[in-house]
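# Topology and contacts: notes
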Amino acid sequence: QVQLVESGGGSLQAGGSLRLSCTASGYTYNSGCMGWFRQAPGKDREFVSSRGNDGTTSYADSVKGRFTISLDNAKNTMYLQMNSLKPEDTAIYYCAAQNRRSWSGSCTMVAWIDYWGQGTQVTVSS
């Protein structure tokens, strides 16, 4: 029933910008946090950014000051604006969401996620 569909990935040079989108269907936005994770080849999936039911946003140290998470409830869409991209940002980016009504804060752990998008590839070259 719940589907998360990402878009906006692509290939670009270092210093460029991309905006990822995640459109949710069958999902209520006050059901928990929503956010973004990424996974590079040979590495574990890692936290990037999230927004809790209380509106609190969180960012991994590696992306603070460069990435911005936002929600557009009217469009049922979550965005990740990525600026000043680096080769180290190369990864598959996954939209993520919870179905936990009592959860009010951010979600920084893979184990806390209930729904995943299919992933979108971001490749940053130097």
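What you see is a predicted model, and the numbers here were worked out from it, not measured in a lab. (Residues numbered from 1 in each chain as written. Predicted model: local features only at pLDDT ≥ 70, side-chain atom pairs only at ≥ 80, totals over all residues. Heavy atoms only, no water.)

## Here we look at the state of the cysteines
In the structure shown here, the tally under the stated rule is two disulfides. One disulfide bridge connects Cys33 with Cys107, the sulfur atoms lying 1.8 Å from each other. Its torsion about the S-S bond being 125°, the disulfide of Cys33 and Cys107 is classed as right-handed. With Cys33 in the loop between β3 (18-25) and β4 (34-39) and Cys107 in the loop between β9 (91-97) and β10 (115-116), this residue pair connects regions lying 74 residues apart in the sequence. For the pair Cys33 and Cys107, one class covers both residues: buried. Counting only the cysteines that take part in disulfides, in the order they occur along the protein chain, gives the pairing 1-3, 2-4. (Disulfide = S-S within 2.5 Å. Helix = DSSP H or I, 4+ residues; strand = E, 2+ residues; numbered from the N terminus. Buried < 20%, exposed > 50% of the residue type's maximum accessible area, 1.4 Å probe, protein only.)

## Quick word on the side chain of Thr120
Tracing the chain through its elements places Thr120 in strand β11 (residues 120-125). A polar atom in the side chain of Thr120 sits 3.2 Å from the backbone nitrogen of Gly9. Look past the residues within four positions of Thr120 in its chain and what remains in contact with it is Glu6, Ser7, Gly8, Gly9, Leu20, Ala91, Ile92 and Tyr93. (Polar contact = N/O pair within 3.5 Å; in protein donor to acceptor, adjacent residues only side chain to side chain. Contact = heavy atoms within 4.5 Å.)

## Here we look at the pairing of β4
Where burial is concerned, most of β4 is hidden: five out of the six residues are buried. The pairing of β4 with strand β5 (residues 46-51) spans five bridges and is classified as antiparallel. From the neighbouring strand, Gly35 faces β5, where its bridge partner is Ser50. Between β4 and the antiparallel strand that follows it, β5, lie six residues; Gly42 among them carries a positive phi value of about 75°. In this sheet, β9 lies alongside β4 in antiparallel orientation, the contact comprising six bridges. Residue pairing across strands places Met34 opposite Ala97, the latter belonging to β9. (Pairing = 2+ DSSP bridges.)

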